[in-house]
Amino acid sequence: MSGFVIQPPEVVGLSVAGSDARYPVRRIYCIGRNYAAHAVEMGHDPDREPPFFFQKNANNLDQSGEFPYPPHTSDVHHEIEMAVMLKSGGTNIHVAQALDHVFGYALSLDMTRRDLQGEQKKMGRPWEIGKAFERSAPVGPIHRVADVGHLDKGRVELKINGEVRQQGDLDQMIWKVPEMIAYLSEYFELAAGDVILSGTPAGVGPVSRGDAMELAIDGLGSMTVRVV
Ligand code: MN
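Residues numbered from 1 in each chain as written. Predicted model: local features only at pLDDT ≥ 70, side-chain atom pairs only at ≥ 80, totals over all residues. Heavy atoms only, no water.

Novice: Kindly report on the environment of Val 16, identifying the contributing residues and their values.
Specialist: Here Val 16 shows up in the loop between strand S1 (13–15) and strand S2 (22–24). On the accessibility criterion, Val 16 (7% relative accessible area) is buried. Val 16 has contacts with Ala 21, Arg 22, Tyr 23, Phe 103, Ile 142 and Arg 144, leaving out every residue within four places of it along the chain. (Helix = DSSP H or I, 4+ residues; strand = E, 2+ residues; numbered from the N terminus. Buried < 20%, exposed > 50% of the residue type's maximum accessible area, 1.4 Å probe, protein only. Contact = heavy atoms within 4.5 Å.)

Novice: If you had to explain unusual backbone geometry to someone new, which residues and values would you point to?
Specialist: Unlike most non-glycine residues, Asn 92 shows phi in positive territory, near 50°. Here Asn 92 shows up in the loop between strand S8 (80–86) and helix H2 (95–98). Backbone geometry places Arg 135, a non-glycine residue, at a positive phi of 60°. Mapped onto the fold, Arg 135 is located in the loop between helix H4 (128–131) and strand S11 (137–138). A relative accessible area of 29% means that Arg 135 is categorised as partly exposed.

Novice: Report on the packing of aromatic side chains, specifying residues and quantitative values.
Specialist: Pairs of aromatic rings are described using the distance from one ring centre to the other and the angle between the two planes. Following the criterion strictly, the structure yields eight aromatic pairs and no others. Pairing Phe 52 with Trp 127 gives two aromatic rings, centres 5.7 Å apart and planes at 85°, and the pair type is edge-to-face. Residue Phe 52 is located in the loop between helix H1 (36–41) and strand S4 (53–56), and its partner Trp 127 is located in the loop between helix H3 (114–122) and H4; the two are separated by 75 residues in the primary sequence. Judged by relative accessible area, Trp 127 falls into the buried class, the value being 17%. Joined through ring pairs, the aromatic side chains of Phe 53, Trp 175, Tyr 183 and Tyr 187 make up one cluster. Taking the ring centre of Phe 133 as reference, the NZ or CZ of Lys 56 above it sits at 5.9 Å. (Phe/Tyr/Trp six-rings, centres within 6.5 Å; stacked < 30°, edge-to-face > 60°. Lys NZ or Arg CZ within 6 Å of the ring centre and 35° of its normal.)

Structure follows, in structure tokens:
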């Protein structure tokens, strides 16, 4: 720990399919209401308004296959999302070049304390308490672009205990992956290690301890996360 006054925090590293090396995480940006049917179910207009983002913390990502039910809530919702991992970044990235910065894609969940998020929304306060809690972003292994290409269409599906709850298609995103990267890069400096959660299709709902959440996106396989 030379040069630091306390032990530096660990770099969060995610597993990569077909590799022993891990992907180091810097920041996580999450887009809100990026599928029209989900915007409607949350009580909003599905029209294409400017996108908005919130952040989770790098160490909210979790690959253990278990999601511990968090404290101070009785309404935790599942949101299946495709995660986009960047290998480079910059500012004012053009839409046409945006995909050049993508390292890979992964299955992920934006787990949400919906009751707490709702209270914050009502008071016009930030969403962190509803969104950025411990292990709030279960994530699968990263599939490299070199192996799976770029994913802009394909089934997105989440089952709970074998029953389909969320269903959609990547081509239903209101803001496509290159557009999200370009937009974010106008407001922030993007960099290698940045992760974007690309929004969830309709059908979000509560989970209970013991539930098995089964995620699948065409091209990324499937994974199961158990609520404990
Ligand atoms: Mn979300």
